[in-house]
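One letter stands for each residue in the lines below.
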Amino acid sequence: MFNTIGVIGLGVMGSNIALNMANHGEKVAVYNYTRDLTDKLMEKKEAQSLLPYYEVQDFVQSLEVPRKIFVMVTAGKAIDSVISSVVPFLEEGDVIMDGGNSHYQDTERRYDELKTKGIGYLGIGISGGEVGALTGPSIMPGGDKDVYDKVAPILTKIAAQVDGDPCCVYIGPKGAGHFVKMVHNGIEYADMQLIAEAYTFLRNRLHLQVDEIAEIFETWNQGELKSYLIEITAEILRKKDELTGLPLIDVILDKTGQKGTGKWTSMQAIDNGIPSSIITESLFARYISSLKEERVRAEDVLSGPEAELQELDKEQWIESIRQALYMGKVCAYTQGFAQYKMSSDLYDWDLPLKDIALIFRGGCIIRADFLNVISQSFSKQEQLTNLLLAPFFADKVKAYQIGLRKVVSDGVLSGISFPCLSSSLTYYDSYRNGRSNASLLQAQRDYFGAHTYERIDREGVFHTNWQ
């Protein structure tokens, strides 16, 4: 009796994906380059339904044809190494799936290489962290549709389920699945930073205690801000440090790491002329957080505003920051989905935007209630270029812009840095402005570089002898 699927790479994510598959009735072969992780997994009581292998040839030959291999190793050279080790034992029609955070262009290169050998290759974005991997993640598969169909029964079974529908849908050709996951992570960066900025206002401007801020986030999670990141923020703020008794948040070093996907999102947007300022500002916020020692020194040298600020009405400002956070999140998701739309048109991917929003609703780090509205917006207007133009969100941002303006203005006057909230407001104001200052920029370009310009009143390209 052959195994129905194999998993290579038994770190936390790989182990949990394998357990998830076994829990859904699959016969799962597992293999890791080093034996220790295989043994560690098999020591778990719930792992007894898995079948361990310690030689890659034995692992591959244990799989039913067409063979299906799910690779869960670190993105980069490790993926290429795994592919090289298994290909000699594969046959035409077999399938390799990369479930890591690979760059979509690497996925496309591997797809092309394996296509010549008749081996199917799927780049599969997975969101949900270690818990989602075990209980049901959001899954974003890209590659050939007929190859996806071979593994769809397994992927849709292990995915998160919302209203009876799996959070897994065919995304598009070649690297489309990993591209969608990449931009998903960019949205995640922005969402997390926006929440951190709201917390900063409540803590440093309203001078609220951490427990009180936790209550505010719990309340927000009962309304239109309901989302996974809001939910866990409340839980984080409730947690006490066992050593000091202080809120744990107060003893965590303020340096944020990143694994590259947010950077890739910004670089792709920049390369293709796609405005992605909120996501990029969230990336820069992580970079400046890493300058901890410099920031500590600068605090003693550089001063903030000395002007006396107005007293703040607590309840009114809590509502203003709620509105600001909601509008900031809408603008961040808007930029992410605009990047999907513009890249889809550029690469001829035909990304299913309404379905992408739906599969983000469960098991996913950026799952949020308003994803339903995002999906409905693309269902009603398939060629919608920007979510701010959808009637629901247009009405929301019109109503909430005052809250965002108040918070950003107060932050500027009080010396609090709000990179993503202020970028959200700038994006909104720039996008709604039918006549911008770009005419002056183009005139400057023509002045010093003879780059020419177009006119608003006639066709053609023009150059002026400015001197």
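Residues numbered from 1 in each chain as written. Predicted model: local features only at pLDDT ≥ 70, side-chain atom pairs only at ≥ 80, totals over all residues. Heavy atoms only, no water.

The name an unreviewed UniProt entry assigns to the protein chain is 6-phosphogluconate dehydrogenase, decarboxylating, from the organism Metabacillus malikii. Quoted straight from UniProt, the Pathway (unreviewed entry) entry for the protein chain says "Carbohydrate degradation; pentose phosphate pathway; D-ribulose 5-phosphate from D-glucose 6-phosphate (oxidative stage): step 3/3." The UniProt entry for the protein chain carries the following comment under Function (unreviewed entry): "Catalyzes the oxidative decarboxylation of 6-phosphogluconate to ribulose 5-phosphate and CO(2), with concomitant reduction of NADP to NADPH." (UniProt positions renumbered as here; feature names shortened; annotations may be inferred.)

**What to know about the overall build of the protein chain**
Looking only at helices and strands, the protein chain has 19 helices and nine strands in total. In terms of C-alpha radius of gyration, the protein chain reaches 25 Å, essentially the compact-globule figure of 23 Å for 467 residues. Summarising its shape, the C-alpha atoms of the protein chain cover approximately 75 × 70 × 45 Å along the three principal directions. Across the 467 residues that make up the protein chain, the buried fraction comes to 51%. Across the protein chain, every contact between residues at least 6 apart in sequence was considered, and the portion connecting residues at least 24 apart equals 68%. Of the accessible surface of the protein chain, which amounts to about 22600 Å², a share of 52% is contributed by carbon and sulfur atoms. If you average the places of the 47 positive and of the 62 negative side-chain charges in the protein chain, the two averages end up 1 Å apart. (Helix = DSSP H or I, 4+ residues; strand = E, 2+ residues; numbered from the N terminus. Rg over C-alpha atoms; globule rule 2.2 N^0.38 Å. Buried < 20%, exposed > 50% of the residue type's maximum accessible area, 1.4 Å probe, protein only. Contact = heavy atoms within 4.5 Å. Areas by Shrake-Rupley, 256 points an atom, 1.4 Å probe, with all protein chains shown as cover. Lys, Arg positive; Asp, Glu negative; His and termini not counted. Charge placed at Lys NZ, Arg CZ, Asp CG, Glu CD.)

**Points about helix α14 (residues 314-347)**
For α14, with 34 residues, the first-to-last C-alpha span of 49 Å sits near the 50 Å given by 1.5 Å per residue. By the criterion of burial, α14 is predominantly enclosed, with 26 of the 34 residues buried. Trailing α14 by a residue or two, Asp348 shows a phi angle of about 60 degrees, which is positive. (Expected span 1.5 Å × (residues − 1).)

**Describing the pattern of salt bridges**
Applying the stated rule across the entire model yields 31 salt bridges. As a salt-bridge pair, Glu64 and Lys68 come within 3.8 Å of each other at their nearest N and O atoms. Of the residues examined, Lys68 reaches a relative accessible area of 8% and is grouped as buried. Residue Arg205 pairs with Asp410 through a salt bridge whose shortest N-O separation is 2.5 Å. With Arg205 in helix α8 (residues 176-205) and Asp410 in helix α17 (residues 391-414), the pair connects residues that are 205 residues apart, well separated along the chain. (Salt bridge = Lys/Arg side-chain N within 4 Å of Asp/Glu carboxyl O.)

**With respect to the side chain of Asp410**
Of the residues examined, Asp410 reaches a relative accessible area of 4% and is grouped as buried. Here the side chain of Asp410 touches Arg205 through a polar contact of 2.5 Å, side chain to side chain. (Polar contact = N/O pair within 3.5 Å; in protein donor to acceptor, adjacent residues only side chain to side chain.)

**Points about empty space enclosed by the protein**
Going through the model one piece at a time under the given rule, you end up with one cavity of 30 Å³ or more. What the largest cavity holds in volume is close to 30 Å³. Gly100, Asn101, Ser102, His178, Lys181, Met182, Thr261 and Trp264 together form the lining of the largest cavity. Among the elements of the structure, α8 and α11 (261-271) are those that each provide at least two residues to the lining of the largest cavity. Broken down by element, the lining of the largest cavity gets its largest block of residues, three residues, from α8. Its residues assigned to classes, the lining of the largest cavity comprises two nonpolar, five polar and one charged. (1 Å grid on protein atoms, 1.4 Å probe; cavity = no way out; pocket = protein on both sides within 12 Å on 5 of 7 lines; lining within 4 Å. Points joined across faces, edges and corners; volume = space filled by probe spheres on them. Nonpolar A, V, L, I, M, F, W, Y, C, P; charged D, E, K, R; others polar.)

**Quick word on the layout of surface pockets**
When its volume is computed, the largest pocket comes out at roughly 1900 Å³. In this structure, the largest pocket is lined by 42 residues; those nearest its centre are Gln193, Ala196, Thr200, Asp254 and Thr256. Every element with two or more residues in the lining of the largest pocket is listed here: α8, α10 (228-238), α12 (277-289) and α13 (292-301). Among the elements that line the lining of the largest pocket, the one with the most residues is α8, at 10 residues. Approximately 1100 Å³ is the volume found for the second largest pocket. Along the walls of the second largest pocket sit 42 residues, with Met13, Thr74, Gly100, Asn101 and Lys259 positioned nearest its centre. When residues of the lining of the second largest pocket are traced back to their parent elements, those giving at least two are α1 (12-23), α4 (77-86), β6 (120-127), α6 (129-135), α8 and α11. No other element matches α8, which puts six residues into the lining of the second largest pocket. Among the residues forming the lining of the second largest pocket, the class breakdown is 18 nonpolar, 19 polar and five charged.

**Notes on the sheet that holds strand β1 (residues 5-8)**
Paired through backbone hydrogen bonds, the strands of a sheet run either parallel or antiparallel to each other. Pairing within the open sheet is mixed, and its seven strands lie in the order β3-β2-β1-β4-β5-β6-β7. Only two strands of the sheet have a single partner each, and these edge strands are β3 (50-53) and β7 (138-142). Sheet twist, expressed as the average angle between the axes of neighbouring strands with direction ignored, equals 25 degrees. (Pairing = 2+ DSSP bridges. Axes fitted to C-alpha atoms, helices over the stretch in contact; angles between N-to-C directions.)

**Here's the deal with helix α19 (residues 438-449)**
Between its first and last C-alpha, α19 extends 16 Å over 12 residues, near the 16 Å set by a 1.5 Å rise per residue. Looking at the residues trailing α19, positive phi occurs at Ala450, about 50 degrees.

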